[in-house]
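These are the residues of each chain, in order.
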Amino acid sequence: MTLADGPVFRVLIVENNEQDCVAVRKALQRGQSRWEIEECVRGEDALERIRKKPSHYHVALIDHRLPGMSGLVLCKRLLAEGIPVPLAIITGDGSEELAVEALKAGVADYIIKDPGQGYLQQLPVVLQDVVRKRQDIAARRKMEIERDKVIRELKETLAKVKTLSGVLPICARCKKIRDENGEWTQIEVYIRDRSDVRFNHEICPDCARELYPEICKDEENAPAE
């Protein structure tokens, strides 16, 4: 598969250092995947841009040291609004406390700009991993929603189905059923009240000959047309 055949990842780089921004852009372009790159230098601008297109970006790479709104504050704002863009913070002077706070807030990854710029080699892989993890979460969530829907529909269907089981006391002569209260009920009434069955009363041929012998005899002897 050639590079042109692979998926396209849309990334928003929020970085106020022009040299770092150029380095990140080149690192992504040298990677094995295709990237559509957009850039901005302020957290406020990034917030508005992502708000307008909340499902457009596959990932946002946000520098922590931004003029005005910091990268961490930007991430917290986006997360609080439930915007479905996976976020990665990148910083050159971060701390363990900042990393812990970012990850606890829901940031997907935390990247340190090391002096030797070794992070640039790993950056495409890290961002792809962030995107795929979010896609896996979304896929699992979709499956869970579909599963819950099936379970709910099945429960609703089963709730509508009434079944009869066990031994029923039935009169040997009139065929009435003795219910759980000791009352004798016509068999069709007993079944109707405990299921979705409804009866349409007719007379079978055997009973018709017993009840109306003359009529049945005349019909049997009538010449065929």
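Preceding this section is the structure that the text describes.
The structure contained in this document is the topic of the report that follows. Residue positions within a chain follow its written sequence, with the count starting from 1. Two thresholds apply to this predicted model, a pLDDT of at least 70 for residue-level local features and 80 or more for giving and counting side-chain atom pairs, whereas whole-chain, interface and lining totals are computed over all residues. For side-chain calculations, the full set of non-hydrogen atoms in the structure is used, while hydrogens and water are omitted.

Our next topic: the overall build of the protein. Per the secondary structure count, the protein includes eight helices and seven strands. Against the globule reference of 17 Å for 225 residues, the protein gives a C-alpha radius of gyration of 37 Å, more extended than a compact globule. The dimensions of the protein, computed from C-alpha atoms along their principal axes, are 110 × 50 × 30 Å. For the protein, the residues scored as buried account for 30% of the 225 residues in total. Summarising the internal contacts of the protein: among those between residues at least 6 apart in sequence, 59% fall at separations of at least 24. Of the charged side chains in the protein, 36 are positive and 39 negative, and the gap between their average positions amounts to 4 Å. Secondary structure elements follow DSSP: runs of H or I no shorter than four residues count as helices, runs of E no shorter than two count as strands, and numbering proceeds from the N terminus. Only C-alpha atoms enter the radius of gyration; for comparison, a globular chain is expected to reach 2.2 Å times N to the power 0.38, where N is the number of residues. Burial classes: relative accessible area under 20% of the type maximum marks a residue as buried, over 50% as exposed, and values in between as partly exposed (1.4 Å probe, protein chains only). The contact criterion used throughout is that any non-hydrogen atoms of two residues lie within 4.5 Å. Under the counting rule used here, the positive set is Lys and Arg, the negative set is Asp and Glu, and His together with the chain ends is not counted. The atoms used to mark charge sites are NZ of Lys, CZ of Arg, CG of Asp and CD of Glu.

We now examine the sheet that holds strand 2 (residues 34-40). Spatial ordering of the open sheet is given by 2-1-3-4-5, a layout of five strands whose pairing is parallel. Looking at which strands have only one partner, the edges of the open sheet turn out to be strand 2 and strand 5 (109-112). Neighbour-to-neighbour, the strand axes of this sheet turn through a mean angle of 20°, independent of strand direction. A pair of strands is labelled paired if DSSP reports no fewer than 2 bridges between them. Of the strand pairs in this sheet, strand 3 (residues 59-63) and strand 4 (residues 87-91) are connected by four bridges, and their pairing is parallel. Looking at the pairing, Ala60 lines up with Leu87 of strand 4. Orientation is described by axes fitted as lines to C-alpha atoms, over the contacting stretch for helices, and by angles from 0 to 180 degrees between their N-to-C directions. The sheet contacts of helix 1 (residues 18-29) involve strand 1 (8-14), strand 2 and strand 3, and relative to strand 2 the element is tilted by about 165°.

With that settled, consider helix 4 (residues 96-105). Inspection of helix 4 places Leu98, Ala99 and Ala102 among the buried residues, and these make up the whole buried set. Seen end-on, helix 4 carries its buried residues on one side only, within an arc spanning 100°. Opposite the buried face of helix 4, by more than 90 degrees, sit the exposed residues Glu96, Glu97 and Lys104. The inward-facing, buried residues of helix 4 abut helix 3 (71-80), strand 4 and strand 5. Remark: Gly106 follows helix 4 within two positions and exhibits a positive phi of approximately 115°. This arc describes the spread of directions from the helix axis toward the C-beta atoms.

Cavities and pockets were defined on a 1 Å grid built from protein atoms only: a cavity is a group of points that admits a 1.4 Å probe but offers it no way out, a pocket is an open group of points flanked by protein on both sides within 12 Å along at least five of seven lines, and a lining residue is one with an atom within 4 Å of any such point. Grid points are joined across faces, edges and corners, and a volume is the space filled by probe spheres set on the points. By volume, the largest pocket is sized at about 200 Å³. Lining the largest pocket are Arg10, Pro54, Ser55, Tyr57, His58, Pro84, Pro86, Val131, Arg134, Gln135 and Ala138. Of all the elements, helix 5 (residues 119-160) adds the most residues to the lining of the largest pocket, at four residues. Split by residue class, the lining of the largest pocket holds six nonpolar, three polar and two charged. Charged residues are taken to be Asp, Glu, Lys and Arg, nonpolar residues to be Ala, Val, Leu, Ile, Met, Phe, Trp, Tyr, Cys and Pro, and polar residues to be all remaining types, Gly included.

With that settled, consider helix 2 (residues 43-52). Listed as buried for helix 2 are Gly43, Ala46, Leu47 and Ile50. Buried residues of helix 2, viewed axially, fall in a sector of 105°; they line one side. Residues of helix 2 that are buried make contact with strand 1, strand 2, strand 3 and helix 3.

Here we take up the side chain of Asp20. In this structure, Asp20 sits in helix 1. Asp20 sits in the buried class, given a relative accessible area of 16%. Excluding anything up to four places from it in sequence, Asp20 contacts Glu15, Lys113 and Tyr119.

Further remarks concern the pairing of strand 1. A regular strand places its side chains so that they alternate between the two faces of the sheet. Burial analysis of strand 1 places five of its seven residues in the buried class, the great majority of the element. Two elements, strand 1 and strand 2, share seven bridges in a ladder whose sense is parallel. If you follow Val14 over to strand 2, its bridge partner there is Cys40. Handedness of the crossover joining strand 1 and strand 2 through helix 1: right-handed. As paired elements, strand 1 and strand 3 share four bridges and run parallel to each other. Paired with Leu12 across the two strands is Ala60, which belongs to strand 3. Crossovers are marked right-handed if the path from the first strand over the helix to the second runs clockwise, as seen with the strands pointing away from the viewer.

The values are spatial; any link to function lies outside them.
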